[in-house]
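Structural overview
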Amino acid sequence: SERDALLDIVAKAFANICQKPQELKYRTLRKTNPSVARLLQYPTAEDILLVCGFREEGDVWHCVAPNLEGMRHAMDVILCKGITCLSRSRVSAAVSLPGQASSEVLGVR
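Before going into details, it helps to say that this report is about the structure given with it. Everything numeric here is computed off the predicted structure, so don't read it as measured data.

**Quick notes on helix α3 (residues 43-51)**
Turning to α3, its buried residues are Thr-44, Ala-45, Asp-47, Ile-48 and Leu-49. Just past α3, the residue Gly-53 takes up positive phi, approximately 105 degrees.

Structure, rendered in structure tokens:
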């Protein structure tokens, strides 16, 4: 589905940053990219980006201060539930907690 494809974009972007956090090319998401533009239609997507160290800068989202632990937890959240069904507060809370605790916030066991 389209939602799954969009979630894959986030998971792949975060995985690339976690593997090579110093590589600037992995830390920039261009709003002109059709997939990124579709992803950003979901308000929760922006919240996930913000919590993980991204900032909106003109026509890009740039990860200025990678929150690698937050990205790992966000990937877990994304893979468990998807971003479209979660409230902003639950995503922010889950991303900021360690693995099992984030699952408990989301109601995933």
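So much for the structure itself; the text now carries on.
**So, the sheet that holds strand β1 (residues 28-30)**
Pairing between the strands of a sheet comes from backbone hydrogen bonds, and it takes one of two forms, parallel or antiparallel. The strand order across the open sheet built from three strands is β1-β3-β2, with neighbouring strands paired in antiparallel fashion. Every other strand in the sheet has two partners, leaving β1 and β2 (54-57) as the edge strands with one partner each. Here the average twist between neighbouring strands, direction ignored, is 20 degrees. As paired strands, β1 and strand β3 (residues 60-63) are joined by three bridges and run antiparallel to one another. By the bridge assignment, Thr-28 is partnered in β3 with His-62.

**A look at the pattern of salt bridges**
Enumeration according to the criterion identifies two salt bridges in this entry. Note that Glu-69 is salt-bridged to Arg-72, the shortest N-O span being 3.7 Å. Taken together, the residues span about one helical turn, with Glu-69 and Arg-72 both in helix α4 (residues 68-81) at a distance of three residues. A relative accessible area of 37% places Arg-72 in the partly exposed class.

**Thoughts on the side chain of His-73**
Note that His-73 resides in helix α4. At 2.9 Å, the side chain of His-73 and the side chain of Glu-69 are in polar contact.

**Brief notes about the state of the cysteines**
Overall, the coordinates contain zero disulfides when judged by the stated rule. With no disulfide of its own, Cys-63 lies 7.8 Å from the sulfur of Cys-52, the closest cysteine sulfur. On the basis of relative accessible area, Cys-63 is assigned to the buried category, the value being 0%.

Calculation rules
- Residues numbered from 1 in each chain as written.
- Predicted model: local features only at pLDDT ≥ 70, side-chain atom pairs only at ≥ 80, totals over all residues.
- Heavy atoms only, no water.
- Buried < 20%, exposed > 50% of the residue type's maximum accessible area, 1.4 Å probe, protein only.
- Helix = DSSP H or I, 4+ residues; strand = E, 2+ residues; numbered from the N terminus.
- Pairing = 2+ DSSP bridges.
- Axes fitted to C-alpha atoms, helices over the stretch in contact; angles between N-to-C directions.
- Salt bridge = Lys/Arg side-chain N within 4 Å of Asp/Glu carboxyl O.
- Polar contact = N/O pair within 3.5 Å; in protein donor to acceptor, adjacent residues only side chain to side chain.
- Disulfide = S-S within 2.5 Å.

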